[in-house]
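The lines below spell out each chain.
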Amino acid sequence: MEHYSFWSLAKHALSGHRNWPQAWRSREPKSRYDVVIVGGGGQGLATAYYLAKNHGITDVAVLEKGWLGGGNTGRNTTAIRSNYFYRESTDFFDRSLDLYEGLSKELNYNVMLSQHGAVTLAHSPGQMDGLERWSNSIQLQGIDAEMLDVHQVKEFMSPLDTSRSARFPIYGGFIQRRAGVARHDAVAWGYARGADALGVDIIQNCEVSGVRMAGNRVRGVETNRGSIEADKVVFAVAGHSTVLAKMAGITLPITSVALQAMVSEPIKPVLDGLVVSPLVHCYVSQSDRGEILIGGRADAYPSYGQRGTLPALEDTLSSTLNLFPAFSRLKLMRQWAGIVDISPDTSPIIGKTPVTALYISTGWGTGGFKAIPVGGETLAYTVANDQPHPLIEPFGIERFQTGRFVNEAAAAGVDH
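Please read these numbers as outputs of a predicted model, since none were measured by experiment.

Peer 1: Tell me about helix H3 (residues 87–101), residues and numbers included.
Peer 2: The α-helix advances 3.6 residues per turn, and as a result positions three or four apart in sequence lie on the same side. In this model, H3 (15 residues) spans 21 Å end to end at C-alpha, consistent with the 21 Å of a helix rising 1.5 Å per residue. Residues of H3 that are buried include every one of Ser89, Thr90, Phe92, Phe93, Asp94, Ser96, Leu97, Leu99 and Tyr100, and no others.

If you want it as C-alpha cells, here you go:
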C-alpha cells in the first residue's frame, strides 16, 4: 500500500493524473476460496477486512457485479449516529460510531468524518415529550443526547424556520453531538485498500447467477466469470438480498424499495450538522462541496430502480421547503435512489442462515452506511467462529419465528 507524501501527490498530479498506482489489485477469480463474499459495498468490504485483520482469514474473495461502492454505499446520505432506542440497537450502533472515530487512522485513509451533530425535531408538545423519553432512555444507556428548546435549535441551525407561522412549527428537539457524516466512497475505498493489503482478492464485474449446494450446505457460487467453490459464503447485497437468498432456497422477510436522495447547487456553508424531522419527512445536511443534501421517504411500492419516482421527489422537496423556505431559490442539481432492504421491525438481519455455511447481512433499511464498521466486524467474527457475535445475537433471522423483534421504526430517521 503506497503512503503518499506531498512530492508523490505532486508527481502524480503533474503527470496529468495518468500514472496513479492502483489502490487495490485487479484479480482474476480463483476456482476456490475459504470465504466468498458477494457484494462489494461497505458491508462486504468491511467483513473481508476484519476477517483478514482480526481472524487471519485471508483466502477471501469479494465479488462485485459492478464497481466497488456502486450500490447503496455510494447512494446514501452518509449520516452516522447511534441515537436509536433499544439497548440492542444502541450498543450495536455506538460500537460502529466508536470504530468510525478511529477509522481514518485504522485504514491509513481519510474517510472525512465530520462530527457536527444530528438534531431530531419535534413539532408539537406531544412530540417533545416523546423525544424527552427517547433522550432519557438512551442517556441511561450511555449514549450522548441533549434536549434543545426552539431557541437552541435555531442557534444550532439558523436557516430553519422556527417562527410560529411555519406550517409545521418547531417546538424543539434533541441532539446527539457525536453524530455526523463521512465520505461514502472514501469508506468503501479505505476498506478495499485495507483488505487488499492483507491478501483479499477484490473482483469487480463479477455477477453471481447461482448458488452451489450440497444438501443443506452451500458449496460455492456460479458467476459470469466461472464457478467458484467456497467453504463459506456471505451475502451482503442490500436490496438484492431476496434474489440471492432465493437461489439458496431461503425466503427473506425483506421488502426492497427505492429510497431517494438529492443535492442542490453548491453554496457557501450554511448548515452545521444534520437535521431530521420524522413528522415532516426529510433529513437535511450540507456536503463538503457545499451542496444541500436531502433525503426523505421511500417510494410507495417495491422496486429495483435506482432513480425513484416523481411523487417521492416532490414530497421530499416540499418537506424540505417547509423547514427551510430560503432554499426555494436553489437549483436542484441531481437526484438518485438506492435500493434499501427493509425488514418488518426496521432492524438488520445479520449472521447465520438456515443454510449451513451461508451468512447474510441485510435488512439495513436506512442504517447500512452508519453500521459499516460494526457490521463488518461482527459478521467477520460470526463467519470465523460459526457463532453469532454477542452484539448481533438479537438480529438473527430466527427472531421472526420467535417474535423477539427489535422494532426501531421510530428511530430510523423518517418513517418508511
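Peer 1: Give me the sheet that holds strand S5 (residues 146–149): which residues, what numbers.
Peer 2: Strands sit in the order S5-S6-S4-S13-S14-S15-S12-S16 across an open sheet of eight strands; the sheet is mixed. Across the chains shown, the open sheet's two edge strands, defined by having one partner strand only, are S5 and strand S16 (332–342). Averaged over all neighbouring strand pairs, the angle between strand axes comes to 25°, with direction disregarded. Sheet topology places strand S14 (residues 282–286) next to strand S15 (residues 292–302); four bridges connect them, and they run antiparallel. Bridged to Gln286 within S15 is Ile292.

Peer 1: Break down the side chain of Thr73 for me, citing the residues and quoting the values.
Peer 2: The topology assignment puts Thr73 in the loop between strand S2 (60–63) and strand S3 (79–80). Overall, Thr73 belongs to the buried group, its relative accessible area being 11%. Other than its neighbours up to four places away in sequence, Thr73 contacts Gly41, Gly42, His184, Ala188, Phe369 and Ile372.

Peer 1: For the UniProt feature "domain: Rhodanese" (unreviewed entry) in the protein, give the residues involved together with the corresponding values.
Peer 2: Under the local residue numbering, the UniProt record ascribes the feature "domain: Rhodanese" (unreviewed entry) to residues 35–79. Across residues 35–79 one finds 31% helix and 20% strand; the C-alpha atoms that close the span lie 30 Å apart.

Cut-offs and rules
Residues numbered from 1 in each chain as written. Predicted model: local features only at pLDDT ≥ 70, side-chain atom pairs only at ≥ 80, totals over all residues. Heavy atoms only, no water. Helix = DSSP H or I, 4+ residues; strand = E, 2+ residues; numbered from the N terminus. Expected span 1.5 Å × (residues − 1). Buried < 20%, exposed > 50% of the residue type's maximum accessible area, 1.4 Å probe, protein only. Pairing = 2+ DSSP bridges. Axes fitted to C-alpha atoms, helices over the stretch in contact; angles between N-to-C directions. Contact = heavy atoms within 4.5 Å. UniProt positions renumbered as here; feature names shortened; annotations may be inferred.

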